[in-house]
Amino acid sequence: MFRLFALSSFLCLWAVYATGQSSKPTVKVSIHTPSEVQIHISDLPPAASWSFRNSYAGALGLGEKISGFQAKRFDERLLVKTITPGEYRSEKLAENVTYLVSIPPSRSTDLAHVSWLTGESGLLMLADLLPESLSAEHGAVLEFDLPIGWAVHSHVMPDEGQRYSVDQVAAEVFFVGRGLRVASKIVRDMNLQVVIDTKLMLNETDVLKAAARVLEEYSDLTRFKLRQNPTILVASFPVSDSDSRWKSETRGSSVMLLLNQETLAKNWRAQLAVIFTHEIFHWWVPNSLLLTGNYDWFFEGFTLYVGLQAALRLKLIGFEEYLATLSRVYDSYLSYPDEQTLIEASEKRWTSSNPIVYDKGMLAAFVYDLTRRSATKGKTGLGDQYRAFFSQLAGEPANANDVIIRLLTSSPETAGFSKSYIESRNRIELEKILTPFGLAVETTGRNSHINVRKQLTDDQKRLLRSLGYRK
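Residues numbered from 1 in each chain as written. Predicted model: local features only at pLDDT ≥ 70, side-chain atom pairs only at ≥ 80, totals over all residues. Heavy atoms only, no water.

The subject of this paragraph is the confidence of the model for the chain. Taken residue by residue, the chain gives an average pLDDT of 92. The fraction at 70 or more is 94%. Here residues 1-22 scores under 50 on pLDDT; set against residues more than four positions off or in separate chains, the count is 18 contacts. (pLDDT = per-residue confidence, 0-100. Contact = heavy atoms within 4.5 Å.)

Shown next as structure tokens:
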């Protein structure tokens, strides 16, 4: 009789999930000891296997941080086997799981990419804390059990019961800690929020002001309003590192920025704004596009160039520094072999020791911008293409490389651009490329210097002035 009742109950439960009438799974995140979180997930779609992310952005062995994995079906505790670190199987379907995740800060290079927690604060990234099936297929409702005096912040606003409902689980980040400072401002009808670790000697109003300028710049550039309220989480380095000044990543609607208090300079206000010119644009590209495939060459390399131009327009840098930055990137690019297309480099981004995606991608964007400006007498450049991206591509799933290349090569002057710079394994040789645009590469020792040529035609002057040249 009991077996029949249990089977009947299970079939009813399965029917609820199958018809899509169930609520989101509930995730309770508890912090009782430094560097460790307990996760309890209830109301899961019945499953007998669970897998966790094992690597991300160069951080390895993430599955080894999971321990004490337990699964239940109703009130019955099930036998669970560990297949490999981060891989678990049970003989019966379960609907509730509980486990621990050890997340002490490790390498400084990983701080902006994977979860970490100390006795004072932490960044909790759901992508490496929750099973991949939940991250990929379902939303969740989160509850937090935190130490006394701690708070939790994200771009998601909690309900009256302090529960956070999220849809894109893998894109969500929560900043937890003691004494976090918050400031917000309405920018272009978007509620921009900044959350800062109290250890950092930064004024949250200054950080908010710097971020708001960049947000306005990109809103005007793309003419596309972000769907979710943007948030910037500024944390202090939880590990000692004399070599690293800052680390960052943009995930979903959140920019995570970690600053090394030991190396924090007096002019950090301006430097923060420069950092934001790159990271904030990721709220648009790729995070507001439903594109698939490996196109890091575009959303990293091209974004670096877009950020450099934004810094120039916002007067965070001058035209000389604009050219000097491109010169340094070119020197970096020349320092290693390049026998890959940008698409191939994107596929190998995390397994390659060379920053081809960034360097070659940025240089390709530079050449594209010059080509467009030359053909239109300085009236349009790369930035104008982003309006087309969002008017045509936002909300439409598509293969990224196909649609981006099609748009970039849609004009006669750029028709061969992809074959020469994106799909070609040939090196970019600026010495042979820049002359028609009024620029030249000069070499001193091992250093390259991109300079404006002494004799310029009227068209070249017009092109360079559209970039910011004022002589």
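It is worth spelling out the environment of His282 at this point. Counting through the fold element by element, His282 comes out in the loop between helix H5 (268-279) and strand E22 (291-292). Residue classification places His282 among the buried residues on the basis of a relative accessible area of 5%. When the C-alpha atoms of His282 and Thr303 are compared, they prove to be 7.8 Å apart, with 21 residues separating the residues in sequence. In contact with His282, not counting residues within four places along its chain, are Thr250, Asn287, Phe299, Glu300 and Thr303. Among the polar contacts listed, one links the side chain of His282 to the side chain of Glu300, at a separation of 3.4 Å. (Helix = DSSP H or I, 4+ residues; strand = E, 2+ residues; numbered from the N terminus. Buried < 20%, exposed > 50% of the residue type's maximum accessible area, 1.4 Å probe, protein only. Polar contact = N/O pair within 3.5 Å; in protein donor to acceptor, adjacent residues only side chain to side chain.)

What the 4 strands build is an open sheet, ordered E11-E12-E16-E14; its pairing is antiparallel. Edge positions in the sheet fall to strand E11 (116-117) and strand E14 (150-153), since each of these pairs with one other strand and no more. Two strands pair when backbone bridges link them, and E14 and strand E16 (residues 173-178) are joined in this way by 4 bridges, in the antiparallel orientation. From the neighbouring strand, Ala151 faces E16, where its bridge partner is Gly177. (Pairing = 2+ DSSP bridges.)

Another point: the packing of aromatic side chains. Applying the stated criterion to the full structure yields 29 aromatic pairs. With a centroid separation of 5.6 Å and an interplanar angle of 70 degrees, the aromatic rings of Trp297 and Phe298 are classed as edge-to-face. Pair check on accessibility: Trp297 and Phe298 agree, each one buried. An angle of 85 degrees between the planes, with centres 6.4 Å apart, marks the rings of Tyr322 and Phe366 as edge-to-face. (Phe/Tyr/Trp six-rings, centres within 6.5 Å; stacked < 30°, edge-to-face > 60°.)

Once that is clear, we can look at empty space enclosed by the protein. As enumerated under the stated definition, the model contains 2 cavities of 30 Å³ or more in all. Taken as a whole, the largest cavity encloses approximately 40 Å³ of empty space. Lining the largest cavity, in full, are Leu62, Lys65, Val101, Ile103, Val114, Ser115 and Asp128. (1 Å grid on protein atoms, 1.4 Å probe; cavity = no way out; pocket = protein on both sides within 12 Å on 5 of 7 lines; lining within 4 Å. Points joined across faces, edges and corners; volume = space filled by probe spheres on them.)

So, about the environment of Met125. With respect to the helices and strands, the residue Met125 is situated in strand E12 (residues 121-125). Along the chain, Met125 and Trp350 lie 225 residues apart, while their C-alpha atoms are 19 Å from each other.

Helix packing geometry: the angle between the two helix axes and the distance between the axes. Where helix H9 (residues 356-375) meets helix H14 (residues 458-467), the closest approach of the two axes is 9 Å, and the angle between their N-to-C directions is 125 degrees. As summarised for this structure, H9 and H14 are arranged oblique, according to the angle between their axes. In the crossing of H9 with H14, the sense of the turn from one axis to the other is right-handed. For the pair H9 and H14, contact is made by Asp369, Leu370, Arg373 and Ser374 and by Leu463, Ser466 and Leu467, respectively. (Axes fitted to C-alpha atoms, helices over the stretch in contact; angles between N-to-C directions. Parallel < 35°, antiparallel > 145°, perpendicular 65-115°, else oblique. Left-handed = near helix turned anticlockwise from the far one by under 90°.)

What follows concerns H9. For H9, spanning 20 residues, the distance from its first C-alpha to its last is 28 Å, which sits close to the expected 28 Å at 1.5 Å a residue. Where H9 terminates, the next one or two residues include Lys377, which has phi positive at roughly 55 degrees. (Expected span 1.5 Å × (residues − 1).)

Turning our attention to H5. The end-to-end C-alpha separation of H5 is 16 Å, in line with the 16 Å expected for 12 residues at 1.5 Å each. The complete set of buried residues in H5 reads Trp268, Leu272, Ala273, Ile275, Phe276, Thr277, His278 and Glu279.

Looking now at the packing of helix H6 (residues 296-313) against helix H7 (residues 319-334). Put simply, H6 and H7 touch, their axes get as near as 9 Å, and they point 160 degrees apart. Accordingly, the angle class assigned to the pair H6 and H7 is roughly antiparallel. When the axes of H6 and H7 are compared, the crossing they make is right-handed. On H7, the residues touching Tyr305, Leu308, Gln309 and Leu312 of H6 are Phe319, Tyr322, Thr325 and Leu326. Its residues assigned to classes, the contact of H6 with H7 comprises 6 nonpolar, 2 polar and no charged. (Nonpolar A, V, L, I, M, F, W, Y, C, P; charged D, E, K, R; others polar.)

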